[in-house]
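# Residue-level structural notes
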Amino acid sequence: MELIHMFLNLVAPPITFFSLCFFLPPFLCFKFFISLLNSIFTTKDLTGKVVIITGASSGIGEHLAYEYASRGACLALCARREKSLEDVAETAREIGSPDVITVRGDVSKVDDCRRLVEETVDHFGRLDHLVNNAGLSAVCMFEDSDNITNFKHLMDTNFWGSVYTTRFAVPYLRNTKGNIVALSSADAWLPMPRHSFYNVIN
């Protein structure tokens, strides 16, 4: 086993580096071309659309809130950190969202997911987009984990959090022919070392 690890440590980094150098430029050109086509032909009017974003207090969720706000969408922002969530909501209003509500909640809890959707629909009367963004990370070698149940919260948030919220949102999204946005990670196609549990969920 030691020999295999030594071999992988010597061979994998240069192969990965040269593969990225060879494949990344054409891939990025392709992605740019596709995004250019999408921006020309498939731009959606989001004015007045009602959007739920989970994990909106920081990171990707925060910036998604700003992007939706700049396009005139109404927002229901959910996260565990209430103060940060209120700051994001205030900025979203300044950017251009006509109406923003915040719902403090933990998507790993089924009742919080139900309450998020219900409060959104009660306030706005509809739901158009659900953005399942909330997620956690964990850094640990698989074999170093003495108690595997310590990582249950990771599965509850990253997997079940999206499942619960989607389940409660689907009836309303069906009425508006709405969209579900599921965020993943680059770790899904290029797994990082010491991210065993996180990689599996993505």
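Here the structure is shown first, and the text comes after it.
Residues numbered from 1 in each chain as written. Predicted model: local features only at pLDDT ≥ 70, side-chain atom pairs only at ≥ 80, totals over all residues. Heavy atoms only, no water.

## Overview of the pairing of strand S3 (residues 100-104)
Both strand S2 (residues 74-79) and S3 contribute to a ladder of five bridges, which runs parallel. Note that in S3 the partner of Leu-77 across the bridge is Thr-102. Since S2 and S3 lie parallel, the crossover through helix H3 (residues 82-95) that links them has a hand, and here it is right-handed. (Pairing = 2+ DSSP bridges. Helix = DSSP H or I, 4+ residues; strand = E, 2+ residues; numbered from the N terminus. Right-handed = clockwise from strand over helix to strand, strands pointing away.)

## Description of helix H5 (residues 152-176)
Between its terminal C-alpha atoms H5 stretches 34 Å, which fits the 36 Å expected from 25 residues at 1.5 Å a residue. Restricting attention to buried positions, one finds in H5 the residues Leu-154, Asp-156, Thr-157, Asn-158, Gly-161, Ser-162, Thr-165, Thr-166, Phe-168, Ala-169 and Leu-173. One or two positions beyond H5, positive phi appears at Lys-177, with a value near 50°. (Expected span 1.5 Å × (residues − 1). Buried < 20%, exposed > 50% of the residue type's maximum accessible area, 1.4 Å probe, protein only.)

## A short note on helix H2 (residues 59-70)
Under the 1.5 Å per step criterion, the end-to-end length of H2 is 17 Å for twelve residues, consistent within 8% with the ideal 16 Å. Looking at H2, one finds that the buried residues are Gly-61, Glu-62, Ala-65, Tyr-66, Tyr-68 and Ala-69. End-on view of H2: buried residues confined to an arc of 165°, all on one side of the axis. Turned more than 90 degrees away from the buried face of H2 sit Ile-60 and His-63, all of them exposed. Check the buried side of H2 and you find it contacts strand S1 (50-54), S2, H3, strand S4 (129-132) and strand S5 (179-182). (Arc of directions from axis to C-beta. Contact = heavy atoms within 4.5 Å.)

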